[in-house]
Amino acid sequence: MVRSGQPSATTSRDDLRRFTLAALGLWALWSLATWVFEGRIDTLLRPDAILDRIIYVIVTNIVIGLGGGALLIRWITRQSAVRPEDLGFGPLLRTLVWLPLAVLLGLALYFAQGAPTTDPMVMANIYAQVLVVSIAEVLVCWCLVAGVSAHVLPGPKWVSITLAAIVASALFGLYHYAHSPPFNTFPMVALLSGVGLMTGAMFFLSQDIYATAVFHNFLAVFGVASAVKANDQIAAYQTLQLPLFGMALTGILVLAAADVLVIRHKAK
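All of these numbers come straight from a predicted model, not from anything done at the bench. (Residues numbered from 1 in each chain as written. Predicted model: local features only at pLDDT ≥ 70, side-chain atom pairs only at ≥ 80, totals over all residues. Heavy atoms only, no water.)

*Asks:* Give a detailed account of unusual backbone geometry, specifying residues and quantitative values.
*Replies:* In this structure, the amide linkage connecting Pro181 to the following residue, Pro182, adopts the cis form with an omega of 5 degrees. The topology assignment puts Pro182 in the loop between helix H5 (157-175) and helix H6 (186-206). One non-glycine residue, Ala115, adopts positive backbone phi at about 40 degrees. By the element assignment, Ala115 lies in the loop between helix H3 (92-112) and helix H4 (120-152). Positive phi outside glycine occurs at Gln207, with the angle close to 50 degrees. As for its position among the elements, Gln207 is in the loop between H6 and helix H7 (209-230). (Helix = DSSP H or I, 4+ residues; strand = E, 2+ residues; numbered from the N terminus.)

Okay, structure coming up:
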């Protein structure tokens, strides 16, 4: 479980506040890029806009979200006593234990909410479509904002963690205002902030970005599938969409590379 409440002996509270401001700055830049490449032109409402989707995923989520987030985590963990495992990058065994639990919990919640579609191909295509975005959301909102905030916010451990989860979930909801309809409304922002608390619980319980991203992506699939169904676009997802799976694989590989080569890499 993440250490929190009080700064460590080798990290001043001013430094931790500086790290928190840097994390918030990355969130702001990532949100702005989301609006430019998605919300402004309704990218996710146009299944045929493959090029726009690729540009949106690469620039906003891979370059800024994953790349920028990984570099910021490296900077924070090199400059302080905050460890990579405090921010979701823990041992392999932890990932192996939590991944199957994340899948089971994610599927259970998807069906418990009413499953907009049960077509395996539609679900797989949507899961692949939103996976890179989900990874970036978890890295920016929870690994960075929540993970660092938990070290800054006052009070006992459970209080600082709860407050950090609330802050991260609120920013996760607000970030959706930069998206295309139906996500860019204040009722949806409030709803998604509440949904984000479930992701926050998974993050602080598992302390693992991989399990948290897998779980969080099932929540995203429900939202996107609901929007696709409401816009009568289910048919567009009933055949295999290889570009979507290609982007999902790219996101996984970039995360793994950032983990091994940037975040946890030790200079010789």
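Moving on from the coordinates now.
*Asks:* Residues and numbers for the pattern of salt bridges, please.
*Replies:* Following the criterion strictly, the structure yields five salt bridges and no others. In this structure, Arg83 and Glu85 form a salt bridge, with 3.7 Å as the shortest nitrogen-oxygen distance. The class of Glu85 is partly exposed, set by a relative accessible area of 28%. Residue Asp86 pairs with Arg83 through a salt bridge whose shortest N-O separation is 2.9 Å. Residue classification places Asp86 among the buried residues on the basis of a relative accessible area of 1%. Connected via shared salt-bridge partners are Arg83, Glu85 and Asp86. (Salt bridge = Lys/Arg side-chain N within 4 Å of Asp/Glu carboxyl O. Buried < 20%, exposed > 50% of the residue type's maximum accessible area, 1.4 Å probe, protein only.)

*Asks:* Break down a nonpolar patch on the surface for me, citing the residues and quoting the values.
*Replies:* A surface patch of nonpolar side chains, amounting to about 360 Å² of accessible area, comprises Leu93, Val97, Leu101 and Leu105. By the secondary structure assignment, Val97 is in helix H3. We classify Val97 as partly exposed; its relative accessible area is 44%. (Patch = residues over 30% accessible without salt bridge, like charges linked within 9 Å, V, L, I, M, F, W, Y side chains within 5 Å. Areas by Shrake-Rupley, 256 points an atom, 1.4 Å probe, with all protein chains shown as cover.)

*Asks:* Describe the state of the cysteines, with residues and values.
*Replies:* Counted by the stated rule, this structure contains zero disulfides. Among the cysteines around Cys141, which has no disulfide bond, Cys143 carries the closest sulfur, lying 9.9 Å off. The exposure class assigned to Cys141 is buried, which follows from its relative accessible area of 1%. (Disulfide = S-S within 2.5 Å.)

*Asks:* Kindly report on the packing of H4 against helix H8 (residues 242-263), identifying the contributing residues and their values.
*Replies:* One way to put it is that H4 packs onto H8 with a least axis distance of 8 Å and a crossing angle of 30 degrees. By the criterion of interaxial angle, the relationship of H4 to H8 is roughly parallel. The way H4 lies across H8 gives a crossing that is left-handed. Counted together, Ala124, Asn125, Ala128, Gln129, Leu131, Val132, Ile135 and Leu139 of H4 and Leu244, Phe245, Met247, Ala248, Gly251, Ile252 and Leu255 of H8 form the full contact between these two elements. Here the residues of the contact of H4 with H8 are counted per class, giving twelve nonpolar, three polar and no charged. (Axes fitted to C-alpha atoms, helices over the stretch in contact; angles between N-to-C directions. Parallel < 35°, antiparallel > 145°, perpendicular 65-115°, else oblique. Left-handed = near helix turned anticlockwise from the far one by under 90°. Contact = heavy atoms within 4.5 Å. Nonpolar A, V, L, I, M, F, W, Y, C, P; charged D, E, K, R; others polar.)

*Asks:* An account of the packing of helix H1 (residues 13-37) against H5 is needed here, citing residue identities and associated values.
*Replies:* It is at 10 Å that the axes of H1 and H5 come closest, and there the two elements cross at 20 degrees. Classified by the interaxial angle, the pair formed by H1 and H5 is roughly parallel. Here the hand of the crossing between H1 and H5 comes out right-handed. Contacts between H1 and H5 involve Leu24, Trp27, Trp30, Ser31 and Thr34 from the first element and Leu171, Leu174 and Tyr175 from the second. Of the residues contributing to the contact of H1 with H5, the split by class is six nonpolar, two polar and no charged.

*Asks:* Tell me about the environment of Ile50, and please be specific about residues and values.
*Replies:* With respect to the helices and strands, the residue Ile50 is situated in helix H2 (residues 50-79). By relative accessible area, which is 29% here, Ile50 ends up partly exposed. Between the C-alpha atoms of Ile50 and Leu16, which are 34 residues apart in sequence, the distance is 41 Å.

*Asks:* Outline the side chain of Thr95, supporting the account with residue identities and numerical values.
*Replies:* Mapped onto the secondary structure, Thr95 falls in helix H3. Leave out the neighbours within four places in its chain, and Thr95 touches Asp208 and Tyr210.

*Asks:* Tell me about the packing of aromatic side chains, and name the residues and values.
*Replies:* Across all of its chains, the model carries nine aromatic pairs by this definition. The interplanar angle of 20 degrees and the centroid separation of 4.9 Å between the aromatic rings of Tyr177 and Phe186 together place this pair among those described as stacked. Counting every residue linked through ring pairs, the aromatic cluster contains Trp30, Trp142, Phe172 and Tyr175. (Phe/Tyr/Trp six-rings, centres within 6.5 Å; stacked < 30°, edge-to-face > 60°.)

*Asks:* Run through H3, naming residues and quoting values.
*Replies:* Taking 1.5 Å per residue, 21 residues should reach 30 Å; H3 reaches 30 Å between its end C-alpha atoms and fits that length. The largest bend in H3 is about 30 degrees, located at Trp98, with the proline Pro100 one to four residues further on. Listing the buried residues of H3 in full gives Thr95, Ala102, Gly106 and Tyr110. Against H4, H6 and H7 lie the buried residues of H3. Count one or two residues on from H3 and you reach Gly114, which has phi positive near 120 degrees. (Expected span 1.5 Å × (residues − 1). Bend = angle between axes of the 7 residues up to and from the residue.)

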